[in-house]
Amino acid sequence: CSVAVIEYGKAYVYQFNNGTWTEEAELVSSSSTDPEWYGSEADISGDTILVADTWQDIMGKQHGSTYEFVKVDGVWSEGTVFYATDFDAEVIGYDLGLEGDRALLTGIAVAPRVGIVVELQRIDGAWTEVGRSYSDADYHSQDDFSDVLDLDRSGEQAAVGADWADDAFMNSGVAYVIDYSQP
């Protein structure tokens, strides 16, 4: 059993053997510019870990990125790096989900400026964007759609939170379920 442990600026992998947790690896990004936010979110599925750098400075703006790390022959190595600009997003990596060959990255889209969930599928070893879900409220409304995300173990459904939504009463919050099993 492996687990990814995050601490702002760092990400570690621990292995559980014979009743004891031991550090297996420290995951170091190739281009993180702000160690305060590297490791702000992480998720693990099998031999793949995603680590967010929510406010990484890219070309003078804090857009964020998400790093993939893959374990091959016992060694963790950096794989694909996803940047907010890859998805026409202002920010990416608020939260993320990983299950098998499906990954979800949350953030804020550029136009319209709303919460976004980007769906990625790993096909023949390469990540491909296969869909996007957007909040139906302007992000400035402070609903915070996409701040919280959880992907179920089947990888077929995700819950996305908008913790400041005013649906029932002011700032009551709401959760949306996205069903990826339906075409």
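The structure presented is a predicted model; accordingly, all values stated were derived computationally and were not measured. (Residues numbered from 1 in each chain as written. Predicted model: local features only at pLDDT ≥ 70, side-chain atom pairs only at ≥ 80, totals over all residues. Heavy atoms only, no water.)

**Q** Would you mind going over the sheet that holds strand E4 (residues 38-45) with me for this structure?
**A** Backbone hydrogen bonds are what pair the strands of a sheet, in a parallel or an antiparallel way. Read across the sheet, four strands follow the order E4-E5-E8-E9 without closing on themselves; strand pairing throughout is antiparallel. Each edge of the sheet is formed by a strand with only one pairing partner; in this case those strands are E4 and strand E9 (75-83). Each strand axis lies, on average, 25° off the axis of its neighbour in the sheet, ignoring direction. Bridge count for strand E8 (residues 65-72) against E9 is seven bridges, and the pairing is antiparallel. Each residue of the ladder has a partner; that of Ser65, found in E9, is Tyr83. (Pairing = 2+ DSSP bridges. Helix = DSSP H or I, 4+ residues; strand = E, 2+ residues; numbered from the N terminus. Axes fitted to C-alpha atoms, helices over the stretch in contact; angles between N-to-C directions.)

**Q** Looking at this model, I keep getting lost on the pairing of strand E5 (residues 48-53). Mind explaining?
**A** Of all six residues in E5, six are buried, a share of seventy percent or more. On E5, burial covers both faces: Thr48, Leu50 and Ala52 on one face and Ile49, Val51 and Asp53 on the other are all buried. In this structure, the hairpin formed by E4 and E5 is closed by a connection of two residues, where Gly46 is found at a positive phi of approximately 60°. Relative to E8, E5 runs antiparallel, the two sharing six bridges. Looking at E8, one finds that Val51 is bridged to Tyr67. (Buried < 20%, exposed > 50% of the residue type's maximum accessible area, 1.4 Å probe, protein only.)

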